[in-house]
Amino acid sequence: RVNPEHNEASIHLSIETGPKYHLGELTFHQEVVNPDLLERYVQVKPDDVYSQKALLNLQGDLIRTQYFSVVDVNPDFERADGLRIPVDVKMEPADRHKLDLGLGYFTDIGPTGSVHWQFRPINRRGHFLNSQLKLSPVKSSALLSYGIPVRDRRTDKLVLSVHFEHEDTTSQLRDTLNLKGGYYFQWQEWLSSLFAELKHETFTTGTQPE
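Residues numbered from 1 in each chain as written. Predicted model: local features only at pLDDT ≥ 70, side-chain atom pairs only at ≥ 80, totals over all residues. Heavy atoms only, no water.

Side note on unusual backbone geometry
Using the following cut-off: By the criteria applied, helices consist of DSSP H or I runs no shorter than four residues and strands consist of E runs no shorter than two, each listed in order from the N terminus.
The omega angle of the peptide bond from R120 to P121 is -10°, so this bond is cis rather than trans. If you trace the backbone, P121 turns up in the loop between β7 (110-119) and β8 (128-135). The phi dihedral of D47 falls on the positive side, at around 85°, and the residue is not glycine. Relative to the assigned elements, D47 resides in the loop between α1 (35-39) and α2 (52-63). The phi torsion at Q188 lies on the positive side, around 55°, for a residue other than glycine.

Notes on the packing of aromatic side chains
Put simply, the rule reads: In this analysis, rings of Phe, Tyr and Trp, with Trp reduced to its six-membered ring, are considered paired at centre separations within 6.5 Å, and the interplanar angle assigns stacked below 30 degrees, edge-to-face beyond 60, and tilted for intermediate values. Each ring is checked for a lysine NZ or an arginine CZ that lies within 6 Å of its centre and within 35 degrees of its normal; such an atom marks a charge sitting over the ring.
Following the criterion strictly, the structure yields 5 aromatic pairs and no others. When the centroid spacing of 5.9 Å and the interplanar angle of 70° are considered together, the rings of Y50 and F77 count as edge-to-face. Placement of the pair is Y50 in the loop between α1 and α2 and F77 in the loop between β4 (68-75) and β5 (84-93), with a sequence separation of 27 residues. With centroids separated by 4.9 Å and ring planes inclined at 20°, the aromatic side chains of Y183 and F185 adopt a geometry described as stacked. Taken together, the ring pairs connect Y41, Y67 and F68 into an aromatic cluster. Across the ring face of F195, the terminal group of K180 is positioned such that the distance to the ring centre comes to 4.3 Å.

Here you go:
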């Protein structure tokens, strides 16, 4: 309704949204990990209200697993059962090996080189392996860790690691071996960890004995 004398207009909007649709069966086409592990990533469930946002969230959760290079989420309206829309999810596996190389220079340790290798998943249970090697004239280190997803795969995992570090400066020579086993999880809004650590270190400072 337009009122020219007062330069005003009032609008009455009536929307017929129709019936509310829900998600039907979710079908995942992949052979990378076990189905029960994949379900831990899926926050949407059958009978949830159908929405484009829910499907985008599903796609994003699966991409963030790093197990898949492509995730294609397709609602199948032709196979709709009443108000329930089945969803087909087709996934292509990502490269299981990831290699990062680095070169740098630091004023306190000189030139450095690094190699970081990730292997995931090792098996259909989603286990993963990380290794890293750093080399420099003053400080070098090697790290190897093995991870096992538990409960909520996005945040919860068991990790076993071994870390060796060698440092050789003008005043100190040090070798450190660190063995660690930890459970990493989300508690309320906090990323938390419980772990046991064994550290063995030998060092020589100045003219003191080792």
